[in-house]
Amino acid sequence: MSQTYKIRVRDRNTGKEYTLQVPEDRYILHSAEQQGTELPFSCRNGACTTCAVRVLSGEIYQPEAIGLSPELRRKGYALLCVSYPRSDIEVETQDEDEVYELQFGRFFARGKVRAGLPLDED
Ligand code: FES
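Residues numbered from 1 in each chain as written. Predicted model: local features only at pLDDT ≥ 70, side-chain atom pairs only at ≥ 80, totals over all residues. Heavy atoms only, no water.

A. Main features of the pattern of salt bridges. Here the structure, examined in full by the defined rule, presents nine salt bridges. The closest approach of N and O atoms between R8 and E17, which form a salt bridge, is 2.8 Å. Take R8: its relative accessible area is 32%, and that puts it in the partly exposed class. For E17, a relative accessible area of 46% corresponds to the partly exposed category. A salt bridge links E33 to R44, with the nearest nitrogen and oxygen atoms 2.8 Å apart. Here R44 lies in the loop between α1 (28-34) and β3 (52-57) and E33 lies in helix α1, a separation of eleven residues in the sequence. Classification of R44 as partly exposed rests on a relative accessible area of 39%. (Salt bridge = Lys/Arg side-chain N within 4 Å of Asp/Glu carboxyl O. Buried < 20%, exposed > 50% of the residue type's maximum accessible area, 1.4 Å probe, protein only. Helix = DSSP H or I, 4+ residues; strand = E, 2+ residues; numbered from the N terminus.)

B. Representation of the sheet that holds strand β7 (residues 89-93). The strand order β2-β1-β7-β3-β5 describes an open sheet built from five strands, whose pairing is mixed. Two strands lie at the open edges of the sheet, namely β2 (17-23) and β5 (77-79), each paired on one side alone. Looking at each pair of strands side by side, their axes are set apart by 35° on average, direction ignored. Across four bridges, the pairing between β3 and β7 is antiparallel. Bridged to R54 within β7 is E92. (Pairing = 2+ DSSP bridges. Axes fitted to C-alpha atoms, helices over the stretch in contact; angles between N-to-C directions.)

C. Highlighting the side chain of E98. With respect to the secondary-structure elements, E98 resides in helix α3 (residues 98-110). There is a polar contact of 2.8 Å between the side chain of E98 and the backbone nitrogen of D95. Sequence-distant contacts of E98, defined by excluding residues within four places in its chain, comprise R12, R54 and Y77. (Polar contact = N/O pair within 3.5 Å; in protein donor to acceptor, adjacent residues only side chain to side chain. Contact = heavy atoms within 4.5 Å.)

D. Structural detail: the packing of aromatic side chains. Evaluation of the coordinates by the stated rule reveals two aromatic pairs. Cluster of aromatic residues (ring-pair linked, three or more members): Y27, Y61 and Y84. (Phe/Tyr/Trp six-rings, centres within 6.5 Å; stacked < 30°, edge-to-face > 60°.)

E. Broad picture of the confidence of the model for the protein chain. When the pLDDT values of the protein chain are averaged, the result is 88; 86% of them are 70 or greater. Mean pLDDT per element in the protein chain: α3 is the minimum at 72, and strand β6 (residues 84-85) is the maximum at 98. (pLDDT = per-residue confidence, 0-100.)

If you want it as structure tokens, here you go:
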């Protein structure tokens, strides 16, 4: 039998708080949906950072979070679509594009990233 953990999610955009029960072998985003909780997501495979949260307490396992730099992981960000719980956890959603900008904003500004990423040039 797998262990189940309690996950508290604070959605900073709506001000709502959710409490979920998530087994250790299930993605948190997927479990949330099954429990009727809508959280932001887009790609569902750890690449886009739409589902990123800041971890306030607890431990998350996210080996497939390729969209998140090691630095941001160290700072306590996680991608819920590819995150498994390893303890009871408290997270809050990011401001829109917070993680994306932390990760790519500076590089765009310096013009170092050119290929393979959406660039809005106006
Ligand atoms: S939905 Fe894209 S990284 Fe999670």
